[in-house]
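Architecture and fold: a report
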Amino acid sequence: MRKQIKIEELTKAITTVITKLYTDRGKAILAENNDYYAEIGKNLGLERYASSDHNVTCSKLFAICDYLEISLSDFFKLVEEEDNNLKFSKKNKGNLVKKGYGLEK
């Protein structure tokens, strides 16, 4: 199996947005995880996504957004605001993807 692509800029922005969202709620990671477990019966695993050493799946991100009461579209708007390089532009098309695959020159 091939190694997953990881775009560092995206991972960092997602980490920052997730951290801001639960911090703005006035709760710590452990409290959020415990509350989610009580409600859903599974661990949300926010501690994994509070560091930039992750590659979140769409399903996990949906669960996080659902629990933190934000739509995926609004979440990604915040991610783009966190790092403007993540906004699409024809000038930079493919640059971050090439970098993620190690193909940049």
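Given the structure is predicted, the values throughout are model-derived calculations rather than measurements.

1. Digging into the confidence of the model for the chain
On average, residues of the chain carry a pLDDT of 90, and 97% of them reach 70 or more. Model confidence for the chain, summarised as mean pLDDT per element, is weakest for helix α3 (residues 46-49) at 88 and strongest for helix α5 (residues 72-82) at 98.

2. What to know about the nonpolar core
Counting residues in each nonpolar core, the largest one holds 23 residues, and the members touching the most others are I18, I64, F75 and V79. For this core, the secondary structure elements donating two or more residues are α1 (8-24), α3, α4 (58-67) and α5. Broken down by element, this core gets its largest block of residues, 6 residues, from α1. Excluding its chain neighbours within four sequence positions, the residues that come into contact with F75 are I14, V17, I18, L21, L61, C65 and I70.

3. Remarks on the pattern of salt bridges
Pairs may arise between side chains of opposite charge once their charged atoms sit close together. This structure, assessed with the given rule, holds 7 salt bridges. Across the salt bridge formed by K20 and E82, the nearest N and O atoms sit 3.0 Å from each other. Here E82 lies in helix α5 and K20 lies in helix α1, a separation of 62 residues in the sequence. We classify K20 as partly exposed; its relative accessible area is 43%. Between K27 and D35 there is a salt bridge, and its shortest N-O distance comes to 2.1 Å. The class of K27 is partly exposed, set by a relative accessible area of 27%. Residue classification places D35 among the partly exposed residues on the basis of a relative accessible area of 32%. Taken together, the shared-partner salt bridges connect R25, K27, E32 and D35 into one network.

4. Concerning the packing of α4 against α5
Packed helices, taken two at a time, are described by the angle their axes make and the gap between the axes. The contact between α4 and α5 brings their axes to 10 Å, and the two run at 100°. Our classification of the angle between α4 and α5 gives roughly perpendicular. Counted together, L61, F62 and C65 of α4 and L72, F75 and F76 of α5 form the full contact between these two elements. Residues that form the contact of α4 with α5 fall into these classes: 6 nonpolar, no polar and no charged.

5. Examining the packing of aromatic side chains
Taken as a whole and assessed by the stated rule, the structure comprises 2 aromatic pairs. Between Y36 and Y67, the aromatic rings sit 5.1 Å apart at their centres with planes inclined by 85°, giving edge-to-face as the arrangement. Residue Y36 is located in helix α2 (residues 29-40), and its partner Y67 is located in helix α4; the two are separated by 31 residues in the primary sequence. Y67 carries the same exposure label as Y36, and that label is buried.

Rules behind the numbers
Numbers given for residues are sequential positions, taken from 1 along each chain in its written order. Side-chain atom pairs in this predicted model are given and counted only at pLDDT of 80 or more, local residue features only at pLDDT of at least 70, and totals for whole chains, interfaces and linings cover all residues. Based on all heavy atoms of the structure, the side-chain values leave hydrogens and waters out of the count. By definition, pLDDT measures how confident the predictor is in each residue, and it falls between 0 and 100. In this description a helix means any DSSP run of H or I spanning at least four residues, a strand means any run of E spanning at least two, and both kinds are numbered starting from the N terminus. Take the buried residues of types Ala, Val, Leu, Ile, Met, Phe, Trp, Tyr and Cys, join any two whose side-chain atoms come within 4.5 Å, and each joined set is a nonpolar core. Residue burial is assigned from relative accessible area. The probe radius is 1.4 Å, only protein chains are included, and a residue is buried under 20% of its type maximum, exposed over 50%, and partly exposed in between. Only heavy atoms enter the contact rule, under which two residues are in contact if any of them lie within 4.5 Å. What counts as a salt bridge is simple: a side-chain nitrogen of Lys or Arg found within 4 Å of a carboxyl oxygen of Asp or Glu. Axis lines are fitted to C-alpha atoms, over the contacting stretch for helices. Their N-to-C directions set the angle, which ranges from 0 to 180 degrees. Just so you know how the angles are binned, under 35 degrees is roughly parallel, over 145 roughly antiparallel, 65 to 115 roughly perpendicular, and the rest oblique. Think of it as three bins: nonpolar holds Ala, Val, Leu, Ile, Met, Phe, Trp, Tyr, Cys and Pro, charged holds Asp, Glu, Lys and Arg, and polar takes everything else, Gly as well. Classification of ring pairs uses Phe, Tyr and Trp, with its six-membered ring standing for Trp, and accepts pairs whose centres are within 6.5 Å; under 30 degrees between planes counts as stacked, over 60 as edge-to-face, and the remaining range as tilted.

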